[in-house]
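Observations on the model geometry
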Amino acid sequence: MKYKVLWIDDQPNEEFLDAAHAMDMDIQVATCYNKGIEWLRANQDICMAVILDVKCKITEDPTEVPSRDAFRDKWLEVVKLCDEREQIPWFVYTAGDYDGIEALDILLPRDKKYDPNRQYYRKPVERKAMLANIVQAINLNDMTAVLKEYENLFDFCTEFYKELFRIIINIKKNEYTNSTIFNDMRKVLGWCTSYMREHGMLPNDITNFNKAALYLNKVNFACKDNHVGVSKTMVPDYIKNSFMACQYVCNNGSHSKAEGASDEADNNLVVDEDVKNGIAPYLIRSTFFELLNIITWCKGLPTSQEGIDSLRADIGKLNVQWTTKV
């Protein structure tokens, strides 16, 4: 699993990025403080550390000259955002080619638990020490241990890293009344639909998870009719049930009665309300594990063109009666 790290520096370089990548860091570069703060505000939930340049720029204006004013005027705003999410560790990385670098010792707090004896790191000679301490700080975070339990999911479903991150943190914190997490689950399920379509499990005209769940249900029943040359476990019962459960809960839970919407199946939007009111304290957790069943099963689908073609041929033998108008 890659560590998401923000680096605010007007002159990023490939040597630094290569060294960070070798230590499992995925660096988000911002060449001015305004862009870095914008990214951090939108990605507090997935950011795992921040690196700050001192002599930098505040804006993207090409005429702006890098100066210490950028750090002086903006670093507290960055630190505030870091503190809002259970202390995102932040580090100062500076060339020190200016008068007054000693002032950083006075300006910066000494209560950084991750590195209390060092206020800043000098470019480039202390790069290695800083990167090592960033990794140490990240690994000391309780959330990191939880996320590492599911790093195979992040490596597989890279396009929805942010949604998976939020879902898993929700489970870690046991925020069982936070019904908004169902919308993140719904997005991941949409990605699973696309993956199944591309890897031979679904026909090309199925483009949403609702229809995917119904189609797989039909494949499951068709497999039980002992079709020659077709495995009965192409879509096991537990996978069929996981799809149907997620389809109902995530769709129902992504809407509230206050919206004036209604559930297509039974016209009864209860999931959002029951979860928010604590009536269904285990529903988020149980749906998460159903989602894990689905993702793990998707990982087992063929990836070679030969395997994909073979799977499509086997499904074709089932002669599944299907229409997109469901």
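Things to note about the overall build of the chain
Per the secondary structure count, the chain includes 14 helices and five strands. Sequence separation of 24 or more characterises 65% of the internal contacts of the chain that already satisfy a separation of 6 or more. Working note: accessible area of the chain is about 16,200 Å², and carbon and sulfur atoms make up 48% of it.

Digging into the confidence of the model for the chain
Atom-level detail of predicted coordinates should not be read off regions where pLDDT is low. Averaged over all residues, the pLDDT of the chain is 87; the fraction at 70 or higher stands at 87%. A low-confidence stretch, residues 263-267 (pLDDT under 50), is modelled with five contacts involving residues beyond four sequence positions or located in other chains.

Considering the packing of aromatic side chains
Here the structure, examined in full by the defined rule, presents 15 aromatic pairs. Each residue in the set W7, F16 and Y93 is aromatic and connected to the rest through ring pairs, giving one cluster.

Some details on the sheet that holds strand β1 (residues 3-8)
Strand order across the open sheet formed by five strands is β2-β1-β3-β4-β5, with parallel pairing between neighbours. Where the open sheet ends on each side, the last strands, each with one partner, are β2 (25-30) and β5 (121-122). Here strand β3 (residues 49-52) pairs with strand β4 (residues 90-94) via three bridges, running parallel. Each bridged residue has a counterpart across the sheet, and for I51 the counterpart in β4 is F91. Here helix α3 (residues 68-84) sits on the sheet in contact with β1, β3 and β4, set at roughly 175° to β3.

Here we look at the nonpolar core
In a soluble, globular protein the nonpolar side chains are often hidden away together inside. Core analysis: the largest hydrophobic core is formed by 81 residues, its most contacted members being I134, M196, M201 and W297. Sorting elements by how many residues they give to this core places helix α9 (residues 181-198) first, with nine residues. With near-sequence residues (within four places) excluded, M201 lies in contact with M196, Y215, L216, V219, M234, V235, W297, L301, L311 and I315. One finds L6, A30, V92 and L108 within the second-largest nonpolar core, a separate group that totals 25 residues.

Brief notes about the pattern of salt bridges
When their charged atoms lie close together, side chains carrying opposite charge are able to pair. Per the stated rule, a full pass over the model turns up 14 salt bridges. Ionic pairing is found between D24 and K2, a salt bridge with its closest N-O pair at 3.7 Å. Taken together, the residues span a long stretch of sequence, with D24 in the loop between α1 (14-22) and β2 and K2 in the segment before β1 at a distance of 22 residues. The exposure class assigned to K2 is partly exposed, which follows from its relative accessible area of 29%. A salt bridge links K276 to D272, with the nearest nitrogen and oxygen atoms 3.5 Å apart. Note that K276 and D272 are positioned in helix α12 (residues 271-276) at a spacing of four residues, about one turn of the helix. Among the charged side chains, a network of salt bridges with common partners joins D9, D53 and K123.

A short note on helix α5 (residues 127-140)
Across its 14 residues, α5 extends 20 Å between first and last C-alpha, which sits within 8% of the 20 Å expected from 1.5 Å per residue. Taken together, the buried positions of α5 are M130, L131, N133, I134, V135, A137 and I138.

Describing the pairing of β3
Residues in a regular strand project their side chains so that they alternate between the two faces of the sheet. Residues of β3 alternate between two faces, with A49 and I51 on one and V50 and L52 on the opposite face, all of them buried. Bridge analysis of β1 against β3 gives four bridges, and the strand direction is parallel. Along β3, the bridge assignment pairs L6 with V50.

Description of the packing of α1 against α5
Any two packed helices are characterised by how steeply their axes cross, that is the angle between the axes, and by the distance between the axes. Axis separation between α1 and α5 bottoms out at 11 Å; the angle between their running directions is 35°. Classified by chirality, the crossing of α5 by α1 is right-handed. Across the interface between the two elements, E15, F16, A19 and A20 from α1 touch R127, M130 and L131 from α5. Across the contact of α1 with α5, the residue classes break down as five nonpolar, no polar and two charged.

Points about the side chain of D53
In this fold, D53 is placed in the loop between β3 and α3. Setting aside its immediate chain neighbours within four residues, D53 contacts I8, D9, D10, Y33, F71, Y93, T94 and K123.

Details of the environment of Q247
Residue position: Q247 is located in helix α11 (residues 237-253). Each C-alpha atom of the pair Q247 and L214 lies 9.4 Å from the other, and the pair is 33 residues apart in sequence. Leaving out residues up to four positions away in the same chain, Q247 has contacts with F209, N210 and A213.

Some words on unusual backbone geometry
Between K123 and P124 the backbone carries a cis peptide bond, its omega angle lying at -20°. Turning to its location among the elements, P124 is positioned in the loop between β5 and α5. The phi dihedral of D24 falls on the positive side, at around 65°, and the residue is not glycine. Phi at N319 takes a positive value of approximately 55°, unusual for a residue other than glycine. Locating N319 in the fold gives a position in the segment after α14 (305-318).

What counts and what doesn't
Residues numbered from 1 in each chain as written. Predicted model: local features only at pLDDT ≥ 70, side-chain atom pairs only at ≥ 80, totals over all residues. Heavy atoms only, no water. Helix = DSSP H or I, 4+ residues; strand = E, 2+ residues; numbered from the N terminus. Contact = heavy atoms within 4.5 Å. Areas by Shrake-Rupley, 256 points an atom, 1.4 Å probe, with all protein chains shown as cover. pLDDT = per-residue confidence, 0-100. Phe/Tyr/Trp six-rings, centres within 6.5 Å; stacked < 30°, edge-to-face > 60°. Pairing = 2+ DSSP bridges. Axes fitted to C-alpha atoms, helices over the stretch in contact; angles between N-to-C directions. Core = buried A, V, L, I, M, F, W, Y, C linked by side-chain atoms within 4.5 Å. Buried < 20%, exposed > 50% of the residue type's maximum accessible area, 1.4 Å probe, protein only. Salt bridge = Lys/Arg side-chain N within 4 Å of Asp/Glu carboxyl O. Expected span 1.5 Å × (residues − 1). Left-handed = near helix turned anticlockwise from the far one by under 90°. Nonpolar A, V, L, I, M, F, W, Y, C, P; charged D, E, K, R; others polar.

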